[in-house]
Amino acid sequence: MSNQVEEFNEYRARMNDAIMDDNNKIIKRIFNLDTNAFAPGALDKKTKELLGLVASTVLRCDDCVRYHLEASHKAGLSKEEVVEALSIATLVGGTIVIPHLRRAYEYWDAVEKTAANQ
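Residues numbered from 1 in each chain as written. Predicted model: local features only at pLDDT ≥ 70, side-chain atom pairs only at ≥ 80, totals over all residues. Heavy atoms only, no water.

### Quick look at the pattern of salt bridges
Step number 1: According to the stated counting rule, one finds four salt bridges in the structure shown.
Step number 2: The partner of R103 in a salt bridge is D62, with the nearest N and O atoms 2.7 Å apart. With R103 in helix α6 (residues 98-116) and D62 in helix α4 (residues 62-74), this residue pair connects regions lying 41 residues apart in the sequence.
Step number 3: Given a relative accessible area of 24%, D62 falls into the partly exposed group.
Step number 4: A salt bridge links D109 to K79, with the nearest nitrogen and oxygen atoms 3.7 Å apart. Placement of D109 in helix α6 and of K79 in helix α5 (residues 79-93) is noted, with a sequence separation of 30 residues between them.
Step number 5: Residue class for D109 comes out partly exposed when judged on its relative accessible area of 31%. (Salt bridge = Lys/Arg side-chain N within 4 Å of Asp/Glu carboxyl O. Helix = DSSP H or I, 4+ residues; strand = E, 2+ residues; numbered from the N terminus. Buried < 20%, exposed > 50% of the residue type's maximum accessible area, 1.4 Å probe, protein only.)

Here it is, written out as structure tokens:
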């Protein structure tokens, strides 16, 4: 069985390297802004990850949802906290986000299994 968490992270890292190799100043600044936006500030990292997860779900960006699910897990959020955030995303986004909700559940389970095997 393939590990979708490892596959996603490897693909993301490989493509991010390819993007950074082009040395485009605007893209580098956007990536840097994204990294810094999720650093602790007036809001803690957990809250920011949940905000990112909700926004990503509503915007129907599966790669973004996966990224924020894994970051939420690493930040110490529980499944219950993540599911509550996803419930808000589904409320705000409407039924069109339900397929993304399904994939989010599947990926969270994969993240938990991957973490348990490490």
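### Quick notes on α5
Step number 1: Between its terminal C-alpha atoms α5 stretches 20 Å, which fits the 21 Å expected from 15 residues at 1.5 Å a residue.
Step number 2: Burial in α5 covers these residues: V82, A85, L86, A89 and T90. Along the long axis of α5, the arc covered by the buried residues comes to 145°, so they all point the same way. Away from its buried face by more than 90 degrees, α5 exposes E80, E84, L91 and V92.
Step number 3: Two residues or fewer after α5 comes G94, characterised by a positive phi angle close to 85°. (Expected span 1.5 Å × (residues − 1). Arc of directions from axis to C-beta.)

### Topic: the layout of surface pockets
Step number 1: Its volume calculated, the largest pocket comes out at about 590 Å³.
Step number 2: Contributing to the lining of the largest pocket are 19 residues, with R12, N16, F31, D34 and Y67 lying nearest its centre.
Step number 3: At the level of secondary structure, the elements contributing two or more residues to the lining of the largest pocket comprise α1 (4-21), α2 (25-37), α3 (45-58) and α4.
Step number 4: By residue number, the principal contributor to the lining of the largest pocket is α2, which donates six residues.
Step number 5: When the residues that make up the lining of the largest pocket are grouped by side-chain class, the tally is eight nonpolar, six polar and five charged. (1 Å grid on protein atoms, 1.4 Å probe; cavity = no way out; pocket = protein on both sides within 12 Å on 5 of 7 lines; lining within 4 Å. Points joined across faces, edges and corners; volume = space filled by probe spheres on them. Nonpolar A, V, L, I, M, F, W, Y, C, P; charged D, E, K, R; others polar.)

### Points about the packing of α3 against α5
What describes two packed helices is the angle between their axes and the distance between those same axes.
Step number 1: In the contact formed by α3 and α5, the axes pass within 9 Å of each other and the chain directions differ by 35°. Once α3 is placed against α5, the crossing between them reads as right-handed. Judged by residue contacts, L50, L53, V54, T57 and V58 of α3 engage E81, V82, A85, L86, A89, V92 and G93 from α5. (Axes fitted to C-alpha atoms, helices over the stretch in contact; angles between N-to-C directions. Left-handed = near helix turned anticlockwise from the far one by under 90°. Contact = heavy atoms within 4.5 Å.)

### Remarks on the state of the cysteines
Step number 1: Inspection of every chain in the model, using the stated rule, returns one disulfide.
Step number 2: Covalent S-S linkage joins C61 and C64, the inter-sulfur distance amounting to 2.3 Å. Here the S-S torsion is close to 65°, and the disulfide linking C61 with C64 is therefore right-handed.
Step number 3: On the basis of relative accessibility, which here comes to 25%, the residue C61 falls in the partly exposed class.
Step number 4: For C64, a relative accessible area of 29% corresponds to the partly exposed category. (Disulfide = S-S within 2.5 Å.)

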